[in-house]
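Chain by chain, the residues:
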Amino acid sequence: MEKINREEVQTLLNRYQDEKVYVHVEVTSGMYASHMDERVFNAGMFMRNVQVVFSQGAIRGGDNGEFRVGLKLDNGGWIYVLGLTHFEVNDNDEFIMHGFNYDGKLASALEISTREFFK
């Protein structure tokens, strides 16, 4: 994975616009955070292989190396993920955006594909 380049990511988002795609979204404060520091509230979210159509995709932020991506769904809803730092398009043509915390652990993920993700 490479650090997010705003223009390149925006171009990739545009490629999936108005198409039926599958998304994977994951956000975590750290799987073991509550075990390492009892004052840290462990929270997370996981959604995989949800098919959507988005009419607009936008990347914003980046001042501190962390970006946010919003997908405006054709039904008026939104998918919005914060804290993204890296991206790639893998061998399966899946557009992967991950956010890594200061310890290099996954904190957020937004993945987009025209095919279902591995189950």
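Above this text sits the structure in question.
Residues numbered from 1 in each chain as written. Predicted model: local features only at pLDDT ≥ 70, side-chain atom pairs only at ≥ 80, totals over all residues. Heavy atoms only, no water.

Asks: Which parts of the structure should I look at to understand the pattern of salt bridges?
Replies: Side chains bearing opposite charge may pair, as long as their charged atoms lie close to each other. A full pass over the atoms with the stated rule returns one salt bridge. Between D93 and R15 there is a salt bridge; the shortest N-O distance is 3.0 Å. With D93 in the loop between β6 (86–89) and β7 (95–100) and R15 in helix α1 (residues 6–16), this residue pair connects regions lying 78 residues apart in the sequence. Judged by its relative accessible area of 42%, R15 falls in the partly exposed class. (Salt bridge = Lys/Arg side-chain N within 4 Å of Asp/Glu carboxyl O. Helix = DSSP H or I, 4+ residues; strand = E, 2+ residues; numbered from the N terminus. Buried < 20%, exposed > 50% of the residue type's maximum accessible area, 1.4 Å probe, protein only.)

Asks: Teacher, can you tell me more about the packing of aromatic side chains here?
Replies: Aromatic rings considered in pairs are described by the distance between their centres and by the relative angle of their planes. Within this structure, the stated rule accounts for one aromatic pair. Ring centres of Y16 and F95 lie 6.1 Å apart, and the angle between their planes is 5 degrees; this geometry places the pair in the stacked category. Placement of Y16 in helix α1 and of F95 in strand β7 is noted, with a sequence separation of 79 residues between them. With respect to burial, Y16 and F95 carry one shared label: buried. (Phe/Tyr/Trp six-rings, centres within 6.5 Å; stacked < 30°, edge-to-face > 60°.)

Asks: Which parts of the structure should I look at to understand the side chain of E111?
Replies: Within the secondary structure, E111 sits in strand β8 (residues 106–113). Buried charge without a partner: E111 forms no salt bridge, and the closest opposite charge is R48, 4.2 Å away. A polar atom in the side chain of E111 sits 2.9 Å from the side chain of H98. Ignoring sequence-local partners within four residues, the contact set of E111 consists of Y22, V23, H24, R48, F95, I96, H98 and F117. (Lys, Arg positive; Asp, Glu negative; His and termini not counted. Polar contact = N/O pair within 3.5 Å; in protein donor to acceptor, adjacent residues only side chain to side chain. Contact = heavy atoms within 4.5 Å.)

Asks: Just checking my understanding: could you explain unusual backbone geometry for this structure?
Replies: Backbone geometry follows two general trends: most residues other than glycine have a negative phi, and most peptide bonds adopt the trans configuration. Although it is not a glycine, D18 adopts a positive phi angle of roughly 65 degrees. Tracing the chain through its elements places D18 in the loop between α1 and β2 (20–28). The phi angle at D93 is positive, at roughly 60 degrees, despite the residue not being glycine. Exposure remark for D93: the relative accessible area of 35% places this residue in the partly exposed category.

Asks: Can you help me understand the pairing of strand β4 (residues 67–73) in this one?
Replies: Every regular strand shows the same layout, with side chains that alternate between the two sheet faces. Taken across its seven residues, β4 has five buried, putting it largely inside the fold. Here strand β3 (residues 44–61) pairs with β4 via seven bridges, running antiparallel. Across the sheet, R60 pairs through a bridge with R68, a residue of β4. Connecting β3 to the next strand, β4, in antiparallel fashion are five residues, including G62 with a positive phi near 100 degrees. (Pairing = 2+ DSSP bridges.)

Asks: Mind showing me how you'd approach the environment of G77 here?
Replies: Topologically, G77 is positioned in the loop between β4 and β5 (78–84). What makes G77 partly exposed here is its relative accessible area of 23%. In contact with G77, not counting residues within four places along its chain, are L71 and K72.

Asks: So what exactly am I meant to see when it comes to the nonpolar core here?
Replies: One broad rule of soluble globular proteins: the nonpolar side chains tend to lie buried together. Counting 23 residues, the largest nonpolar core has L13, L71, I79, F95, M97, L110 and I112 as its most contacted members. Looking at this core, the elements with two or more residues in it are α1, β2, β3, β4, β5, β7 and β8. The contacts of I79, once residues within four sequence positions are left out, are V23, V25, M47, V52, V69, G70, L71, L73 and L110. (Core = buried A, V, L, I, M, F, W, Y, C linked by side-chain atoms within 4.5 Å.)

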